[in-house]
Amino acid sequence: MSSTLESDAVATTLERLLTAEDKQDLAAAWKAAGVDLRGEFPAEMSAAEMAERTKDIIMSVSRPGGQLLYLLTRTLRARTVVEFGTSFGISTLYLAAAVRDNGGGQVITTELQPDKARQATENFAAAGLADLVDVRLGDARETLRELPDDVDMLLLDGWLDLRLPILRVVEPRLRPGALVVIDDVDLDIGRGVYAEFRDYISDPANGYFSLTLPVHQGVQLALKLG
Ligand SMILES: C[S@@+](CC[C@H](N)C(=O)[O-])C[C@H]1O[C@@H](n2cnc3c(N)ncnc32)[C@H](O)[C@@H]1O
């Protein structure tokens, strides 16, 4: 039995997107967007403005990060997965392939930038996974308010400073034993923007057990205790 990840449609779509990403000069692209990632996190810029300025930049989970998402989703036997930050849908493809191989379910993903949401939707169709993905256009602080009660897994991959507010929105819907996956935790640029999130998730009073894996720029896993 083979994995959906290896099916022609999914593999071809992922390869097309990841190859395009490899060809980007990421530092130059961020600079052209007016965001200096070596400087302060642009707190004065709204999430929407930053999404607009960076709408052509592919900034996905890494290949091993994507494979880890597939593996974790399969291991959890997850049927309901929520994602903050769709972009062009690379991480979503790994998640949806795993949900399909778990027997079906849904990946609810949300993106603020309309062109990206449209292209991601096209990518899900090209991969043959559109029936598993609910793409919600808009600000995750609003679009993730309506969720099923039994979320198995949450991927936080949108702007760093919004990860704690988004976790707090989704948290009541996480089932005991759900997994929260947070990408790029070592990319804590500027004024320690990630510190507040890290403090929250590592405080036992908040009910998580977490560990950071040295995958690409750091992938943190947090188990929601029952
Ligand atoms: C790092 S990218 C996500 C990459 C994607 N998970 C992947 O692996 O291909 C972050 C995305 O979050 C989106 N975003 C940022 N703030 C948002 C918000 N408040 N609501 C929804 N999407 C948001 C950005 O427009 C951007 O496309």
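Conventions used here
Residues numbered from 1 in each chain as written. Predicted model: local features only at pLDDT ≥ 70, side-chain atom pairs only at ≥ 80, totals over all residues. Near = placed C-beta within 6 Å. Helix = DSSP H or I, 4+ residues; strand = E, 2+ residues; numbered from the N terminus. Nonpolar A, V, L, I, M, F, W, Y, C, P; charged D, E, K, R; others polar. Axes fitted to C-alpha atoms, helices over the stretch in contact; angles between N-to-C directions. Parallel < 35°, antiparallel > 145°, perpendicular 65-115°, else oblique. Left-handed = near helix turned anticlockwise from the far one by under 90°. Contact = placed C-beta atoms within 7 Å. Buried ≥ 20, exposed ≤ 12 C-beta atoms within 10 Å, placed from the backbone. Pairing = 2+ DSSP bridges.

**Q** Which residues make up the site of the ligand, and what values go with them?
**A** Close to the ligand lie 22 residues, the nearest being Ala 51, Ser 60, Gly 85, Ile 90 and Ser 91. Of all the elements in the fold, those that place two or more residues in the shell around the ligand are α3 (47-53), α5 (90-101), β2 (106-111) and α7 (140-143). In the shell around the ligand, the residues fall into ten nonpolar, seven polar and five charged.

**Q** An account of the packing of helix α1 (residues 8-23) against α5 is requested, with residue identities and associated values reported.
**A** Interaxial distance between α1 and α5 falls to 10 Å at its minimum, and their mutual angle equals 160°. Classified by the angle their axes make, α1 and α5 are roughly antiparallel. Regarding α1 and α5, the two cross each other, and that crossing is left-handed. Within the contact between the two elements, α1 uses Val 10, Thr 13, Leu 14, Leu 17 and Leu 18 and α5 uses Ile 90, Leu 93 and Ala 97. When grouped by side-chain class, the residues that make up the contact of α1 with α5 number seven nonpolar, one polar and no charged.

**Q** Got a sec to walk through unusual backbone geometry? Specific residues and values, please.
**A** You will see that Asp 184, though not glycine, has its phi angle at about 65°, which is positive. With a phi angle near 50°, His 216 is a residue other than glycine that sits in the positive phi range. Note that His 216 resides in the loop between β6 (208-213) and β7 (219-224).

**Q** Any chance you could break down the pairing of strand β4 (residues 151-156) for me, citing the residues and the numbers?
**A** Among the six residues of β4, six are classified as buried, and the element is accordingly described as predominantly covered. Two elements, strand β1 (residues 80-84) and β4, share four bridges in a ladder whose sense is parallel. Following the sheet pairing, Phe 84 is matched in β4 by Leu 156. Bridge analysis of β4 against strand β5 (residues 174-183) gives five bridges, and the strand direction is parallel. For Leu 156, the partnering residue across the bridge sits in β5 and is Ile 182.

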